[in-house]
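# Architecture at a glance
So the chains spell out like this:
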Amino acid sequence: MVGVASRRAAETMIANGEVVLNGAVVTELGTKVNPQNDVVKVNGQTYSLAQKLVYILLNKPKDFITTASDEKGRRTVLDLVNAKERIYPVGRLDRQTTGVLLLTNDGMLANKLMHPSSEVIKTYHVSIDKGLDTVHAEKLANGVYLEDGKTAPAELEIIPGTKSREVVIHIHEGKNRQVRRMFESFGYEVDRLHRVEYAGLNVQGLQRGMWRYLTDREVKSLKKLVASGSEISIKP
Ligand code: URA
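For the structure given in this document, a descriptive report is provided here. Since the structure is predicted, the reported quantities are computational estimates derived from the model, not experimental observations.

### Details of the site of the ligand
If you check the shell around the ligand, you find L93, D94, T97, Y124, R177, Q178, V179, R180 and L193 and nothing else. At a separation of 2.9 Å, an oxygen atom of the ligand approaches a polar backbone atom of R180. When the ligand sits alone it has 240 Å² of accessible area, and the protein chains cover 95% of it. The element best represented in the shell around the ligand is helix α4 (residues 178-184), accounting for three residues. Grouping the amino acids of the shell around the ligand by side-chain chemistry returns four nonpolar, two polar and three charged.

Put into structure tokens, the structure is as follows:
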């Protein structure tokens, strides 16, 4: 019994009728418990098995992959965050992409944020290998045909004074390697890709590789965002 007793001791407690699950004495060994909803009492004392929900904002550096574990032993974003809860990344960033990445153990919120219907806005700073042609810029904004379908309209700004090699793009989809593929489809190579903003959250004040917990206000705003389906701004 997690955090209460060893397996042997737990079996003895169950045999002695000392364990109560949702008001009923547990009689069977191996009874399954739902950590989030079930109430377990041992000798009258209530134990919470629910994991504390945590929400983390990481400024992802290059060379870390966005999965919970990697069979090739590569470094993952979880190596950067020493949380004791079983958190995982909300969506993916490529290994070489930097910037805003959310991690949480709140599966409900994560799934809503990742669901296409939520249309969460992601803003990327893209550095490309040559100046962006204005015709291409317009096409990128209107939608590009990729092998897995046409991209939704995006907003695009060319950063002045960069010879059109630095672009900010706002998208609300999450196709795999979407931004890189959009630019590659017109013959540009993406030299650097940095996620500036995700659902109104940015990494201002967080150095690359550093993370912080979201404030209660930020968590509330994210929940409101996916509940209403409309983007709102979040101030820490
Ligand atoms: N688009 C990409 O191409 N890569 C990312 O990491 C995120 C968005």
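### Notes on the packing of aromatic side chains
Here the distance between the centres and the angle between the planes together describe a pair of aromatic rings. The full count for this structure, using the stated rule, is one aromatic pair. Directly above the ring of Y188 sits K130, whose terminal nitrogen or CZ lies 5.2 Å from the centroid.

### Comments concerning the sheet that holds strand β2 (residues 24-25)
Sheets are built from strands that pair by backbone hydrogen bonding, the pairs being arranged parallel or antiparallel. Spatial strand order, β2-β1-β3-β4: four strands in an open sheet with antiparallel pairing. Every other strand in the sheet has two partners, leaving β2 and β4 (45-47) as the edge strands with one partner each. Taken together, the three bridges between strand β3 (residues 40-42) and β4 define a ladder with antiparallel strand orientation. From the neighbouring strand, K41 faces β4, where its bridge partner is T46.

### Looking at helix α3 (residues 134-142)
Of all the residues in α3, the buried ones are A137, L140 and A141. Projected down its long axis, α3 carries its buried residues within an arc of 95°, all on one side. Tucked inside the fold, the buried residues of α3 contact β11 (155-158) and α4. Capping of α3 at its N-terminal end is provided by D133; its side-chain oxygen lies 2.8 Å from the backbone amide nitrogen of V135. Looking one or two places after α3, you find G143, whose phi comes out positive at around 125°.

### What to know about empty space enclosed by the protein
Per the counting criterion, the structure on display carries one cavity of 30 Å³ or more. Around the largest cavity, the lining residues are T151, A152, P153, A154, I171, H172, E173, Q178 and M182. Of the residues assigned to the lining of the largest cavity, the class counts are five nonpolar, three polar and one charged.

### A few points about the nonpolar core
Counting 30 residues, the largest nonpolar core has Y124, V126, I128, L132, I169, V179 and F183 as its most contacted members. Counting residues per element, the ones that place at least two in this core are β5 (55-60), β7 (98-104), β8 (122-128), α3, β12 (166-171), α4 and β13 (190-198). When residues no more than four places from it in sequence are discounted, the contact partners of V126 are R165, E166, V167, I169, V179, F183, V190, R192 and L193. L201, L206, L214 and L222 belong to the second-largest nonpolar core, a separate cluster that totals 19 residues.

### Thoughts on the pattern of salt bridges
Tallied over the full model, the rule gives eight salt bridges. One salt bridge connects R192 with E166, and the closest N-O pair in it is separated by 4.0 Å. One end of the pair, R192, is in strand β13; the other, E166, is in strand β12, with 26 residues separating them in the sequence. The exposure class assigned to R192 is partly exposed, which follows from its relative accessible area of 48%.

### A word on unusual backbone geometry
As a rule of thumb, non-glycine residues mostly have phi less than zero, and peptide bonds are mostly trans rather than cis. Of note, the phi angle at N22 is positive, near 50°, even though the residue is not glycine. Position of N22 relative to the elements: it lies in the loop between β1 (19-21) and β2. Residue classification places N22 among the partly exposed residues on the basis of a relative accessible area of 46%. With a phi angle near 55°, K163 is a residue other than glycine that sits in the positive phi range. Checked against the element boundaries, K163 lands in the loop between β11 and β12.

### Digging into helix α2 (residues 107-114)
Considered for burial, the residues of α2 that qualify are L109, A110 and L113. For α2, the arc enclosing every buried residue in end-on projection is 100°, short of the 170-degree limit, so these residues lie on one face.

Reading the values: rules and limits
Residues numbered from 1 in each chain as written. Predicted model: local features only at pLDDT ≥ 70, side-chain atom pairs only at ≥ 80, totals over all residues. Heavy atoms only, no water. Near = heavy atom within 4 Å. Polar contact = N/O pair within 3.5 Å; in protein donor to acceptor, adjacent residues only side chain to side chain. Areas by Shrake-Rupley, 256 points an atom, 1.4 Å probe, with all protein chains shown as cover. Helix = DSSP H or I, 4+ residues; strand = E, 2+ residues; numbered from the N terminus. Nonpolar A, V, L, I, M, F, W, Y, C, P; charged D, E, K, R; others polar. Phe/Tyr/Trp six-rings, centres within 6.5 Å; stacked < 30°, edge-to-face > 60°. Lys NZ or Arg CZ within 6 Å of the ring centre and 35° of its normal. Pairing = 2+ DSSP bridges. Buried < 20%, exposed > 50% of the residue type's maximum accessible area, 1.4 Å probe, protein only. Arc of directions from axis to C-beta. Contact = heavy atoms within 4.5 Å. 1 Å grid on protein atoms, 1.4 Å probe; cavity = no way out; pocket = protein on both sides within 12 Å on 5 of 7 lines; lining within 4 Å. Points joined across faces, edges and corners; volume = space filled by probe spheres on them. Core = buried A, V, L, I, M, F, W, Y, C linked by side-chain atoms within 4.5 Å. Salt bridge = Lys/Arg side-chain N within 4 Å of Asp/Glu carboxyl O.

Function-wise, these values are silent; they only describe arrangement.
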